Number of protein chains: 2
Amino acid sequence: MRRFVADKTRNLIRRASTWSPTCPVSPRPHHPPSLLSQPTSPPFSSSSPSHPSSITSPLRFLTAAALHPLSFPASPNSMASNYSTTPVTLQSVNPKVLKCEYAVRGEIVTLAQKLEQDLKQNPDSHPFDEVLALCDHPAILDRSETQGLFSADAIERAFQILDQIPGRATGAYSHSQGIKGLRETIAAGIAERDGFPADPNDIFLTDGASPAVHMMMQLLIRSEKDGILCPIPQYPLYSASIALHGGTLVPYYLDEATGWGLEISELKKQLETAKSNGVCVRALVVINPGNPTGQVLAEDNQREIVEFCKNEGLVLLADEVYQENIYVPDKQFHSFKKVCRSMGYGEKNISLVSFQSVSKGYYGECGKRGGYMEVTGFSPEIREQIYKVASVNLCSNISGQILASLVMNPPKVGDESYESYTGEKDGILSSLAKRAKTLEDALNSLEGVTCNRAEGAMYLFPCIDLPHKAIKAAEAAKRAPDAFYAHRLLDATGVVVVPGSGFGQVPGTWHFRCTILPQEDRIPAIVSRLTEFHKKFMDEFRD
Amino acid sequence: MRRFVADKTRNLIRRASTWSPTCPVSPRPHHPPSLLSQPTSPPFSSSSPSHPSSITSPLRFLTAAALHPLSFPASPNSMASNYSTTPVTLQSVNPKVLKCEYAVRGEIVTLAQKLEQDLKQNPDSHPFDEVLALCDHPAILDRSETQGLFSADAIERAFQILDQIPGRATGAYSHSQGIKGLRETIAAGIAERDGFPADPNDIFLTDGASPAVHMMMQLLIRSEKDGILCPIPQYPLYSASIALHGGTLVPYYLDEATGWGLEISELKKQLETAKSNGVCVRALVVINPGNPTGQVLAEDNQREIVEFCKNEGLVLLADEVYQENIYVPDKQFHSFKKVCRSMGYGEKNISLVSFQSVSKGYYGECGKRGGYMEVTGFSPEIREQIYKVASVNLCSNISGQILASLVMNPPKVGDESYESYTGEKDGILSSLAKRAKTLEDALNSLEGVTCNRAEGAMYLFPCIDLPHKAIKAAEAAKRAPDAFYAHRLLDATGVVVVPGSGFGQVPGTWHFRCTILPQEDRIPAIVSRLTEFHKKFMDEFRD
């Protein structure tokens, strides 16, 4: 467990200690302004050109903004001409790859990485890392020096875990689903969380949640005629994965006015529209708590969603990686598995996949690439197919597997580490709650900015009412307006936010995503610089 | 570094300590015998039905044998009927997933895993694991106890590596290509190996070599009209990945009679045949040293291959994960990068991707999922696309990244660990060489069995001339003949081999792959059981 170092590259509001005047982005070709609303390649398949604009518009901006340097063909006179004899060109590369976009690792983040190079932070780690270190080098477990370095329960835990690993070796391939003993630990943790049983055979350990999402997309998407219902705004893993697998993203809008509410009527409307366009909708993605929107679903709402999936024959893909990140006393996390089971729906009634990760929560061990999916409600034949796809990469990394088991089975009362563990956990979560509130209030105090509260996850997704003059200036700069704002902010302050166009938003509205991860004592300075920048920006562009 | 525990699930000849009579495989449906030569789904795209049998035949067996339980639809009366209300069925699952097969994690291996459950081995690890443990828990680096537990150079190395990691945190996301300092170390290692410069920006660190292969297939394959030239026999990662990405595997045969020789005339012939069938061949896969065939390419042969790729405009995908595994004094590993550069071909002349892994060599840390690809000869625009695809999974696990850097920069003369490191390395490699020779001789002494020598990698791929009576018995048992032999062998002795039909072979010939990984002192017992089994098998079925 590390304080906030862990989520480094998502640490999207941060003071940069240096600012290089040689911006690596500017020499690249950009979309001409007209492309901002009329991208060359439609986000829906070319075989369904008749989609009403209410569906296609938000995705147009997914295509057009934020990441365009990654997907826009270079001019014939560019440096590509030196490679004229190499066999792979933008014309001959897989078009699904060209279509795929991924805002959180896009241009703004690339730029921020440059600025980060001098940043150094000291991790404060305890006790998960102890267990990992001991498992990686078990030769020290029996040595007397080890007791001076590691807590007793970490040593004990390492012994337990090593006993579960065939050969006691963290360097050996495991079962394709992950080490059985660790899956048993995770299943027990799920059962304890939900009050309903969980089966270790339903657990697939993966290198973070992302490969698990890809695996399910691979399973479900046969062609561009297969659609996946995704929230807008959405975490761009989903749009990227659907694009890479050649499917169609069927968007449903979260209602900003009701705190990013998920309305069943909206799901139904978009499902029907997709159907009438010949798209076979296979699954519904729900991100709870929401990324980038930070809302936490109410249990009643979750019941409606389950009912909808059951009635419409959709696989429910539940992204629950922020299940430990809840910041408001009136909201609680309920897993979809628990909701389904409490409604009496079991293995034969609903197909549900729940994604979990070691990258979020209060531990944030994202570099370890640990995660799992719990797969329920699929026939044995389909599970064999899932197993086979998992097998093609042999197994996920064992350290990540161990961490996933630790996350689902944290230190208990009586363990030597328990006090320090709960102290750190509570400290992190209450600090995150304070930061979320401070940032939310600061954003809401800005002219033309409104911001829903961050109930969970790690993000705020404020709406910014940009003046026409700013939108014109963005067009002249060949950027989406929110990307224009984000670039100006980064230039002026070193503060990094991800433009809303990378996540999707109601056409004509502009947002940005910022994390609540900066250290608490740095937030006042960030707020003051943001406020100052915003005032100047509005002074410059106010209509 | 662990002795042979590391390659556990590939440890395909091994004594099983228990044998469960409740075989989990037998109740599953199998291909009816007629399907063995006429699979329902042709391996080539349905749009090219006119392929001559010389191309399609070996792949028929890829489809028909070894893994068929994973891809054969269940009968309507099977247990699937209980799931009739769930949305994903074998009829609605992505057909590319159904088509994908992966022999080394197939039925025989599943069975062997059951047998392995009681096996325990003690890893003997030093000094890579020391570095990893120290990096995972850097809080102990400054403690006096640590000097009693870890060697001085391991501690020093951990400090160096942590200095390269932003935030000194192995639990934080890295740059999508991997930590820059580690890529610099790897590039330096490549330059030292080859005598030609390497660029850290060309390195993409990945969770083992498999995701890197998938990434390249994703980039190259647009539809079933795109073909990838692959050796037959081949490591089934390639057939699986091509199937998952919807492309066409264009096979070229290795010549068993000349020690699995790679003939340019064969490449040309198969390329022309594919072209005449409307397949656009995009890349050539070369596995050197060979898996499952164990041959090591001569440098002259490599030059011809490079010339062929350059002339035909093919991307050269060089699987070089066994580069440290050479067992014969008359052969040496030459990287394709070195061969290209020594021919005067640079960045602008040839598109080359070299795959490397921490899972092989003498270290065998396969559970750590570390690896990299070195990508050269692609235009900046295409490199951005590769970077984007890498970004979609954020980054590979940091422990695997660290190990990849250690593998390419092992302890040097003067380091405290150097003696024990070289001692262990030389011991492992010379022991593997002895095992390879012992097994090769034993196999060649069996009636009807011929086996090329294992020059490199970790495998032998003997040809077995099965009597007609055995082939008839296999048909009756609804198995490919080599799978039938492998099952009988496993049943009788607990020795696991992978049937050749999972790798592809000349039609009408039968092989199996066995590793040279069993511990040296157990090989005599394995040989004697194998010999005894084979004699009885031949007595039972001799024509």
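Everything numeric here is computed off the predicted structure, so don't read it as measured data.

A closer look at the overall build of chain A
Reasoning step 1: Per the secondary structure count, chain A includes 19 helices and 12 strands.
Reasoning step 2: The 543 residues of chain A split such that 66% are buried.
Reasoning step 3: Contacts in chain A between residues far apart in sequence, at least 24 positions, make up 75% of those at least 6 positions apart.
Reasoning step 4: When the accessible surface of chain A is summed, it comes to about 17500 Å², and 52% of that surface belongs to carbon and sulfur atoms.

Notes on the side chain of Ser174(B)
Reasoning step 1: Along the chain, the position of Ser174(B) falls in the loop between helix H7 (152–164) and helix H8 (180–194).
Reasoning step 2: A distance of 3.1 Å separates the side chain of Ser174(B) from the side chain of Gln401(B), its partner in a polar contact.

Quick word on the environment of Gln147(B)
Reasoning step 1: Within the fold, Gln147(B) resides in helix H6 (residues 144–149).
Reasoning step 2: Distance in space between the C-alpha atoms of Gln147(B) and Leu229(B) is 52 Å, their sequence separation being 82 residues.

Observations concerning the sheet that holds strand E12 (residues 512–515) of chain B
Residues and elements named next belong to chain B.
Reasoning step 1: Reading across from one edge, E9-E12-E11 is the order of the 3 strands in this open sheet, with antiparallel pairing throughout. Here the strands that pair on one side only, and so sit at the sheet edges, are strand E9 (459–460) and strand E11 (498–499).
Reasoning step 2: In this structure, E11 lies alongside E12, joined through 2 bridges in antiparallel fashion. In the strand pairing of E12, Val-498 is matched with Arg-513.

A word on the pattern of salt bridges
Reasoning step 1: Across all of its chains, the model carries 42 salt bridges over all chains by this definition.
Reasoning step 2: Where Arg542(A) meets Asp539(A), a salt bridge forms, and the shortest distance between an N and an O atom there is 3.1 Å.
Reasoning step 3: Judged by its relative accessible area of 36%, Arg542(A) is partly exposed.
Reasoning step 4: The partner of Lys536(B) in a salt bridge is Glu532(B), with the nearest N and O atoms 3.5 Å apart. Of this pair, Lys536(B) and Glu532(B) both sit in helix H19 (residues 523–541), 4 residues apart, which is roughly one turn of the helix.
Reasoning step 5: We classify Lys536(B) as exposed; its relative accessible area is 55%.
Reasoning step 6: Bridged by salt links that share partners, the residues Asp330(A), Lys331(A), Arg453(A) and Glu455(A) form one connected network.

Let's talk about the sheet that holds strand E6 (residues 352–357) of chain A
Residues and elements named next belong to chain A.
Reasoning step 1: Strand order across the open sheet formed by 7 strands is E1-E7-E6-E5-E4-E2-E3, with mixed pairing between neighbours. With partners counted over all chains shown, the strands left at the sheet margins are strand E1 (203–206) and strand E3 (248–253), one partner each. Averaged over all pairs of adjacent strands, the angle between their axes in this sheet comes to 20°, without regard to strand direction.
Reasoning step 2: Across 6 bridges, strand E2 (residues 226–232) lies against E3 in parallel orientation. Looking at the pairing, Gly-227 lines up with Thr-248 of E3.

A short note on helix H14 (residues 380–392) of chain B
Residue and element names in this part refer to chain B.
Reasoning step 1: Compared with an ideal rise of 1.5 Å per residue, which puts 13 residues at 18 Å, H14 spans 19 Å between its outermost C-alpha atoms and is within 8% of the ideal.
Reasoning step 2: By the criterion of burial, H14 is predominantly enclosed, with 12 of the 13 residues buried.
Reasoning step 3: All of the buried residues in H14 are Glu-381, Ile-382, Arg-383, Glu-384, Gln-385, Ile-386, Tyr-387, Lys-388, Val-389, Ala-390, Ser-391 and Val-392.
Reasoning step 4: Taken from the residues just after H14, Leu-394 is the one with a positive phi, measuring 70°.

Some remarks on the environment of Gln164(A)
Residues and elements named next belong to chain A.
Reasoning step 1: Relative to the elements of secondary structure, Gln-164 occurs in helix H7 (residues 152–164).
Reasoning step 2: On the accessibility criterion, Gln-164 (29% relative accessible area) is partly exposed.
Reasoning step 3: Separated by 19 residues in sequence, Gln-164 and Glu-145 place their C-alpha atoms 25 Å apart.
Reasoning step 4: Discounting chain neighbours no more than four positions away, the residues touching Gln-164 are Ile-179, Gly-181, Leu-182 and Thr-185.

Analysis parameters
- Residues numbered from 1 in each chain as written.
- Chains lettered and ligands numbered in written order.
- Predicted model: local features only at pLDDT ≥ 70, side-chain atom pairs only at ≥ 80, totals over all residues.
- Heavy atoms only, no water.
- Helix = DSSP H or I, 4+ residues; strand = E, 2+ residues; numbered from the N terminus.
- Buried < 20%, exposed > 50% of the residue type's maximum accessible area, 1.4 Å probe, protein only.
- Contact = heavy atoms within 4.5 Å.
- Areas by Shrake-Rupley, 256 points an atom, 1.4 Å probe, with all protein chains shown as cover.
- Polar contact = N/O pair within 3.5 Å; in protein donor to acceptor, adjacent residues only side chain to side chain.
- Pairing = 2+ DSSP bridges.
- Salt bridge = Lys/Arg side-chain N within 4 Å of Asp/Glu carboxyl O.
- Axes fitted to C-alpha atoms, helices over the stretch in contact; angles between N-to-C directions.
- Expected span 1.5 Å × (residues − 1).

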